[in-house]
Amino acid sequence: KFESIKLSINNSVTEWTSWFNIDHPGGNGDYERLEAIRFYYRERVCARPTAMEARTTDWVAAAETGEVVHSSLEKGFWCINKEQPHGRVCSNYHVRFQCPPVQSYWTDWSEWGPCSTTVCNDVGVQVRRRKCVSAQPMPLLLVPACQGHHSERRECITPPCTAKWSPWGRWGSCSVTCGGGRRIRRRTCARTSATVQCVGRPVEIQKCGKTPCPAKCQYVCTEGHPSEDCSHCVCKGHILHGDIHSVTGVPVAGAFVSLASHPKVIRARTDAMGHFKLLGICSSSPTLITIRKEKFAPITVSTSSNTTGMSWVRAILRSAEKPYIVKHPEDKVRYEGGRVLLCCKATGSPTPDKYYWYHNGTLLDRKVYKYEEDLVLRDLKPEQSGQYYCKASSPAGSIKSSPAFLTVIDKGAPACNSTPETHLIRLPIDCVQPGTDSKYYNAGRCPHNKCAGSLDFDMGCRDGAGFCCSVKNMESRIIDCGSYSLPIRAVIQCGCQKCVQPTVLVRGRVVTADNNEPLRFGHIYIGKERVGTTGYQGGFTLRITPDTQRLVVNFVDPSQKFIDTPKVFIFDKKSGSIYHDVKVMRKQTPIDINAGETNFIDLGEIKDEDPIGQLVIPPNSFHKDNGEIYEGTVKASVTFIDPRNITTAAAAPGDLNFVDDEGDMLPLRTYGMFSVDFRDESNKEVLGAGTVQVLLDTQHVKMQEHIPQMKLWSLNPDTGVWEEESDFSYSTTTTGGHGRSKREERTFLIGNMEIRERRLFNLDVPENRRCYVKVRAYMSDKFLPTEQLEGVVISLINLEPKPGYSSNPRAWGRFDSVITGPNGACLPAFCDAQRPDAYTAYVTAMLGGEELEAAPSSPKMNPNIIGVSQPYLDKIDYQRSDHDDPALKKTAFKINLAKPNQNNFDETNGPIYPYQNLIACENAPVDANHFRFFRVEKDKYEYNVVPFEENDLTTWTGDYLSWWPNPQEFRACFIKIKILGQKEVMVRSRNLGGTHRETKGQLYGIRDIRSTRDMRESNTSAACVEFKCSGMLFDQAEVDRSLISILPQGNCRRINTNNLLQEYLIKHPPVAQNNESHAFTMLAPVDPLGHNYGIYTVTDQNPRVAKEIAIGRCFDGTSDGFSREMKSDSGVALTFSCPERKINRESLFQRLQTNPGQTLSQMARDMRELDGLQVRRSSTQVVAYPSEQRGRTQNRRVTSTTRRRVSTRIQ
């Protein structure tokens, strides 16, 4: 049995890790293996833990459960069901680890490295380094493990530039053996710089081979005889047999075959079975054969032969893939006279062979800049600042990289403005600054733009240690709130510092679009690399590398219940974490078809409506992997994502974009997508299919101008980009098929395709009527410009019109998402200038899994609330989702996408912008027209003494009073407070330093939250109040037990304290005094106690995610659940009784009405008494709701009116 709660090998330890629970006790038992924990959490566990603790999720120590368990610091913790007595089943355990202290020291300096410049007559830098060695490696954050610098630099000068000819080389061989030719000898100019040249010519030419040529071909063949053009050998009677297939085993017909030595001369073409013959190919030695076909990557293969003179070649053709950028150029900042390297790399099939670089849209001269994949710029000038991008090309197409911005700073100019920008911090609701009545204070902030910095090496694709304009100096100030004072740390100087690099995460959950069934243990791929597995509930977390520009993730179901779904995820490099609710389609139940017959399979079956189209599969089209024709029954599963059903929009794979011939990524409008899966009768072997027809019923194409442009596309799962398969042509066809009771004549568009290695196809049309829609998100329905939210995922679903362009909410044609920045977001959409209702769209907003509300449209349309002025608002026809039915959710709005008329002034100020005006949309001022979302959570306030924006992790500042001490790992702590009373009340946590010598008695911050009504119990509410977690501060040197005060507003009295929490606090001294019944004070626990104590602690690499999870558990009252509905009877730490105060006397207004003379006399006496009364104020104390607190401490002998006046004056 587990004899102790903790397994330890060393008593000298640092802080415990967070708790891990990666397994549940189903099946054979509960296995918390260290290897699996490291796989999911990587650096969160050190290499050699010195101690481990295991508890159940109900917070029972392993030793007290009576269960047979096992543990090891090398393997972890496990409990096996069959070992338990009396048929018991293992509990659900979670574990944590402790790591050894770090002992660090510097190694000796290395030798000086090479000069950073190889250019002659130039000045460079030499670097030498030393390493900080740790006996027990453990990452320290911000503060280096060893004191001092890890590198030193010194200046170095290269030799002067020279240019000198080498000796002449030997004469080369004559170009011909007869008939007159020439021979050449060369010399080279050895120069150390392009600025100097050798004098003279590098080449000499001499005539040779003057003897006349004989008439006969001199080509020597070891077998056979020379060909007529004397270029190769021919062997009569010898035949080369060829066999060409696709990856899925389907024969490739119509492929061109040529000799690699003469690739332009077509020698043969493959037949319907993929076979070809070449006569006269000698078998004595291998011959290189080139095979080409449109939409396939060309391949060159060598022939094989045997002693009988028979030669053959077998080849597999893969689909051609357009170029795709895998390395984008990155933003750089340099000083004038410096140099920079911009890198670009693309992949594809065939491999891209040409690169072009552009500066501010102008092609750079290759001869001048001498670039290939990478661009090098030397002796930089300020005019070279601007936008750079590359374009990669291959025979399959072109692609442009994301733009990178190069900033060249003038010599002597500061890289970072030392004067902070204005940054207004919202103050607590009871803090009113005398003389200003302002609710805001300017704490200052730095712009966080990149700096040139001091780089060890300036010619890397990515600057190793980036520099940003950030906080250099702060000062402590005191804000006068009238009745109390509030400390704050304000920025007074900015400077170039090493950038804070937040850990960029993409999180989410993968579920089916029909019933939210999770994709359990699905495989996750980025490109061709498997990077993870979804959890039991479909959850996933991906860590994104800093150089990622476009994230394509493919979810594959090993059980084959769901179709493989590639998704293009948006992510935020500043806020660190974005949550995606991923929808996948369930595979259609396979139907049995006969491989020897023509088969029709409907695409899109909706009750009382015709299918959108059909697949027509000719007889004998199915093949095995080895190329053999498959005969018999085929299990055919065709899953159609129907644009007539708006609930399937989120399940659309990819991002509905294609790349045109110029390399620009442009949008598509879908008329349906389908996934195919053909298997043999045993449902095991995947079958390939040859040429298949796709029929699209023209009655479903409501916009007739789309018909000539309609194309068939397939999705590249590695890039998430749709690539063209074929055009469509008109045909009138009599159709029938599975599930259809009649045959009828209709007009179809017919497209042909081959089902090769790709299995996802799309009926799309390129659309050029494009606009951008401006959306902003706010912290509340006050829509204050200073309270905009960043990191909100805004999604727009473009709807498909009915005939006549009237809107149709049952069809969609596109799905896009964008993340809000400091100036909102601009979403691409289709729009029309002729008819306002030609295109409509639904728009939603989500922040970390929480849906935001849209501005209301009923009972009356208010332009000031919606954010769009009249008369454009009527033209757009804005409607929130509950416009006609108040019972519906309020989290979306629908609009007409009326393209703005640039000749109408009312339509030139947003919220819809023409496609070419993207910059105007992105830079639009906050008072310009825009659509609005806001957080539903109201009556919530957070104040940090050291300002920090949780939606931008780069604003983190290392300070002892920082609320979050570690920018790589955020620990959120909440306490659950139960309120007995008729009304919800505000609850405040006041958070001070408790035991650390640098912070003791100093304020970290304030948190206010209004309690939430429990809908199941009358006169009961509860609040989940955040408090400052105990633990290491930013220097990672010493633990601080934060001093926490919980203070409800109003007439509240503490009537109960959780017994387990009380016992814990007593056993872990020092114990804070709790003499006041209207409040509760404690030194925050270091351990993550759990719901049995009413304490909820979650650690994550993003603060918002940590808080969301902790609040969900607090609402639910469990340690591993989640709820948005308050359950006040579970997991409570403190209970307060807050009855309403009874009014037992008349108000001043009532007394003036009933007895004015006596009332005025009484007021005069009160004022004379008040003249002698002195009110003392404290200049440093932070109090909660001071009017309530001070009202209890006034002298009882003062009259009631006097008491009220004193209380009013000191607020």
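Throughout, residues of each chain are indexed from 1 in the direction in which the sequence is written. Under the rules for a predicted model, residues below a pLDDT of 70 receive no local features and side-chain atom pairs below 80 are neither given nor counted, while totals for whole chains, interfaces and linings still include all residues. As a convention, hydrogens and water are excluded, and side-chain values are obtained from all of the structure's heavy atoms.

## A word on the overall build of the protein chain
Looking only at helices and strands, one finds eleven helices and 83 strands in the protein chain. Relative accessible area decides the class of each residue, using a 1.4 Å probe on protein chains only: under 20% of the type maximum gives buried, over 50% gives exposed, and in between gives partly exposed. Counting every position in the protein chain, which comprises 1211 residues, the buried fraction comes to 49%. For the protein chain, the exposed area adds up to about 57,900 Å²; of that, 50% sits on carbon and sulfur atoms. Runs of H or I in DSSP of at least four residues are treated as helices and runs of E of at least two as strands, each being numbered from the N terminus. Using a 1.4 Å probe, the Shrake-Rupley method yields the accessible areas, and only the shown protein chains count as cover for residues.

## Side note on the pattern of salt bridges
Criterion for a salt bridge: a side-chain nitrogen of Lys or Arg within 4 Å of a carboxyl oxygen of Asp or Glu. Per the counting criterion, the structure on display carries 43 salt bridges. With its nearest N and O atoms 2.9 Å apart, the salt bridge here joins Glu 204 to Arg 185. Here Glu 204, found in strand 14 (residues 203–208), pairs with Arg 185, found in strand 12 (residues 181–186); they are 19 residues apart in sequence, far enough to count as distant. The class of Glu 204 is partly exposed, set by a relative accessible area of 30%. Three or more residues joined by partner-sharing salt bridges are found here, namely Lys 940, Glu 942, Arg 1007, Glu 1026 and Lys 1107.

## What about the state of the cysteines?
By convention in this document, the label disulfide applies to cysteine sulfur atom pairs within 2.5 Å. Evaluation of the coordinates by the stated rule reveals 17 disulfides. Covalent S-S linkage joins Cys 344 and Cys 390, the inter-sulfur distance amounting to 1.8 Å. A residue pair is termed long-range when its members are at least 10 positions apart, and Cys 344 in the loop between strand 27 (340–342) and strand 28 (345–349) and Cys 390 in strand 32 (residues 386–394) qualify at 46 residues. For the pair formed by Cys 344 and Cys 390, the shared burial category is buried. The disulfide bridge from Cys 451 ends at Cys 496, spanning 2.3 Å between sulfur atoms. In this structure the cystine formed by Cys 451 and Cys 496 twists about its S-S bond by roughly -100°; its chirality is therefore left-handed. Remark: Cys 496 occurs in strand 39 (residues 485–498) and Cys 451 occurs in strand 37 (residues 450–451); sequence separation between them is 45 residues. Classification of Cys 451 as buried rests on a relative accessible area of 5%.

## Structural notes on the environment of Gln 197
Among the secondary structure elements, Gln 197 is positioned in the loop between strand 13 (189–191) and strand 14. Considering only alpha carbons, one finds Gln 197 and Ala 163, 34 residues apart in sequence, at a separation of 5.8 Å. Contacts: residue pairs with any heavy atoms within 4.5 Å of one another. Excluding anything up to four places from it in sequence, Gln 197 contacts Ala 163 and Arg 191. Here a polar contact is recorded for every N or O atom pair within 3.5 Å, except that within protein the pair must consist of a potential hydrogen donor and a potential acceptor, and residues adjacent in sequence are included only if both atoms are side-chain atoms. Looking at Gln 197, its side chain comes within polar contact range of the side chain of Arg 191, at 3.2 Å.

## Focus: the sheet that holds strand 44 (residues 551–556)
Pairing is antiparallel in the open sheet, where four strands are placed in the order 42-41-44-45. The sheet is open, and its two edges are formed by strand 42 (529–533) and strand 45 (565–569), each paired on a single side. Strand after strand, the sheet turns through a mean of 30° between neighbouring axes, direction not considered. Strand pairing is assigned whenever DSSP identifies at least 2 bridges connecting the two strands. Looking at chain direction, strand 41 (residues 523–526) and strand 42 are connected through four bridges and run antiparallel. Its bridge partner being in strand 42, Ile 524 is matched across the sheet by Gly 532. Fitted lines through C-alpha atoms give the axes, limited to the stretch in contact for helices. The angle between two N-to-C directions lies from 0 to 180 degrees.

## Describing empty space enclosed by the protein
Here a cavity means grid points, on a 1 Å grid over the protein atoms only, where a 1.4 Å probe fits yet cannot get out; a pocket means an open set of points with protein on both sides within 12 Å along at least five of seven lines; lining residues are those with an atom within 4 Å of a point. Grid points are joined across faces, edges and corners, and a volume is the space filled by probe spheres set on the points. Counted under the stated rule, the structure contains four cavities of 30 Å³ or more. Taken as a whole, the largest cavity holds about 140 Å³ of empty space. Gly 444, Arg 445, Pro 947, Thr 955 and Thr 957 are, among the 13 residues lining the largest cavity, the residues nearest its centre. When residues are grouped by polarity, Ala, Val, Leu, Ile, Met, Phe, Trp, Tyr, Cys and Pro land in nonpolar, Asp, Glu, Lys and Arg in charged, and all others, Gly among them, in polar. Residues belonging to the lining of the largest cavity are distributed by class as follows: six nonpolar, five polar and two charged. Approximately 60 Å³ is the volume attributed to the second largest cavity.

## Examining the packing of aromatic side chains
Here a pair means two rings of Phe, Tyr or Trp (six-membered ring of Trp) with centres within 6.5 Å. Their orientation is stacked below 30 degrees between planes, edge-to-face above 60, and tilted elsewhere. By the definition in use, this model includes 21 aromatic pairs. Ring centres of Phe 783 and Phe 934 lie 5.7 Å apart, and the angle between their planes is 85°; this geometry places the pair in the edge-to-face category. Placement of the pair is Phe 783 in the loop between strand 60 (770–778) and strand 61 (793–799) and Phe 934 in strand 70 (residues 931–934), with a sequence separation of 151 residues. This pair shows no difference in class: Phe 783 is buried, exactly as Phe 934 is. A ring pair is formed by Phe 893 and Phe 933, whose centres lie 5.4 Å apart and whose planes are at 35°; its orientation type is tilted.

## Looking at the sheet that holds strand 38 (residues 467–480)
Pairing within the open sheet is antiparallel, and its three strands lie in the order 37-38-39. Because the sheet does not close on itself, it has two edges, and the strands there are strand 37 and strand 39. One ladder, built from 13 bridges, connects strand 38 with strand 39; its direction is antiparallel. Paired with Cys 469 across the strands is Cys 496, a residue of strand 39.

## Structural notes on the environment of Arg 543
Secondary-structure assignment places Arg 543 in strand 43 (residues 539–544). Distance in space between the C-alpha atoms of Arg 543 and Arg 507 is 8.8 Å, their sequence separation being 36 residues. Those residues in contact with Arg 543 that sit more than four places away from it in its chain are Glu 43, Thr 503, Val 504, Leu 505 and Gln 1101.

## Describing the nonpolar core
What we call a nonpolar core is a set of buried Ala, Val, Leu, Ile, Met, Phe, Trp, Tyr and Cys residues that are connected through their side-chain atoms within 4.5 Å. Within the largest apolar cluster, 52 residues are counted, with the highest numbers of intra-cluster contacts made by Leu 427, Ile 479, Leu 486, Tyr 943, Trp 964, Phe 974 and Leu 1003. Of all the elements in the fold, those that place two or more residues in this core are strand 38, strand 39, strand 71 (940–944), strand 72 (970–980), strand 74 (1003–1010), strand 76 (1020–1027), strand 82 (1095–1100) and helix 7 (1103–1116). Residue contributions to this core peak at five residues, all from helix 7. Residues Phe 783, Val 818, Ala 838 and Ala 855 belong to the second largest nonpolar core, which totals 38 residues.

## Re the confidence of the model for the protein chain
Confidence per residue, as judged by the predictor, is encoded in pLDDT with a range of 0 to 100. Averaged over all residues, the pLDDT of the protein chain is 80; the fraction at 70 or higher stands at 85%. Within the protein chain, helix 11 (residues 1200–1209) has the poorest average pLDDT of any element, 37, and strand 83 (residues 1134–1137) the best, 94. Every residue in residues 137–144 is under pLDDT 50, and counting partners more than four places away or in other chains gives 14 contacts. Ignoring residues within four places in sequence, the model shows residues 735–744, a span with pLDDT below 50, making 28 contacts including any to other chains.

## Things to note about unusual backbone geometry
The omega torsion across Ser 858 and Pro 859 is 5°, close enough to zero to call that bond cis. When you line up the elements, Pro 859 lands in the loop between strand 66 (853–854) and helix 3 (863–866). A cis amide bond links Gln 870 to the next residue, Pro 871, at an omega of 0°. Along the chain, Pro 871 falls in the loop between helix 3 and helix 4 (872–876). Of note in the backbone geometry, Asp 379 takes a positive phi value of approximately 50° without being a glycine. Of note, Asp 379 is situated in the loop between strand 31 (375–377) and strand 32. One non-glycine residue with positive phi stands out, namely Asp 877, at about 60°.

## Focus: the side chain of Glu 67
Its place among the elements puts Glu 67 in the loop between strand 3 (51–56) and strand 4 (69–72). Judged by relative accessible area, Glu 67 falls into the buried class, the value being 2%. At 3.3 Å, the side chain of Glu 67 and the side chain of Arg 88 are in polar contact.

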